[in-house]
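Okay, here's what each chain looks like letter by letter:
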Amino acid sequence: MTLVAVTACPTGIAHTYMAAERLEKAGRKMGLSIKVETQGAMGIENELTPADVAAADAVIFAVGIPVLRKERFAGKKIFEIPVQDAIKSAEAVLTRVKGELGL
């Protein structure tokens, strides 16, 4: 399963990056391919390419603010969760996504 994710919190300092790290770590542990774009105080980092998005089975928005350039994900299955859920229970989030995708 290939996933892409966007993490963003209102201040864009700590939680944005913590959520990204937890999703990536959980993905590696579960044998999933996941690339995470952060939209923090430094702007968009590790930006998802059109090829990344096209190859993804689903998109996770772990956010507390609106996603920038959301139109890039049109037509994709999107799971929007609070950024805190990615920090506190990234594996549970990925398990839920896998289950809902039937993978």
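Before reading on, note that the structure itself is shown above.
Residues numbered from 1 in each chain as written. Predicted model: local features only at pLDDT ≥ 70, side-chain atom pairs only at ≥ 80, totals over all residues. Heavy atoms only, no water.

Enquirer: Describe the sheet that holds strand β3 (residues 43-45), listing the residues and the values that go with them.
Expert: Read across the sheet, five strands follow the order β3-β2-β1-β4-β5 without closing on themselves; strand pairing throughout is mixed. Looking at which strands have only one partner, the edges of the open sheet turn out to be β3 and β5 (78-82). Averaged over all neighbouring strand pairs, the angle between strand axes comes to 20°, with direction disregarded. Each of β1 (2-8), β2 (33-40), β3 and β4 (58-63) touches helix α1 (residues 15-30); the most contacted strand, β2, lies at about 180° to it. (Pairing = 2+ DSSP bridges. Helix = DSSP H or I, 4+ residues; strand = E, 2+ residues; numbered from the N terminus. Axes fitted to C-alpha atoms, helices over the stretch in contact; angles between N-to-C directions. Contact = heavy atoms within 4.5 Å.)

Enquirer: Break down the pattern of salt bridges for me, with residues and values.
Expert: One pass over the structure, following the stated rule, counts six salt bridges. With its nearest N and O atoms 3.0 Å apart, the salt bridge here joins Lys29 to Glu91. Of this pair, Lys29 sits in helix α1 while Glu91 sits in helix α3 (residues 83-101), placing them 62 residues apart in sequence. Note on Glu91: relative accessible area 36%, which makes it partly exposed. A salt bridge links Arg96 to Glu100, with the nearest nitrogen and oxygen atoms 3.0 Å apart. (Salt bridge = Lys/Arg side-chain N within 4 Å of Asp/Glu carboxyl O. Buried < 20%, exposed > 50% of the residue type's maximum accessible area, 1.4 Å probe, protein only.)

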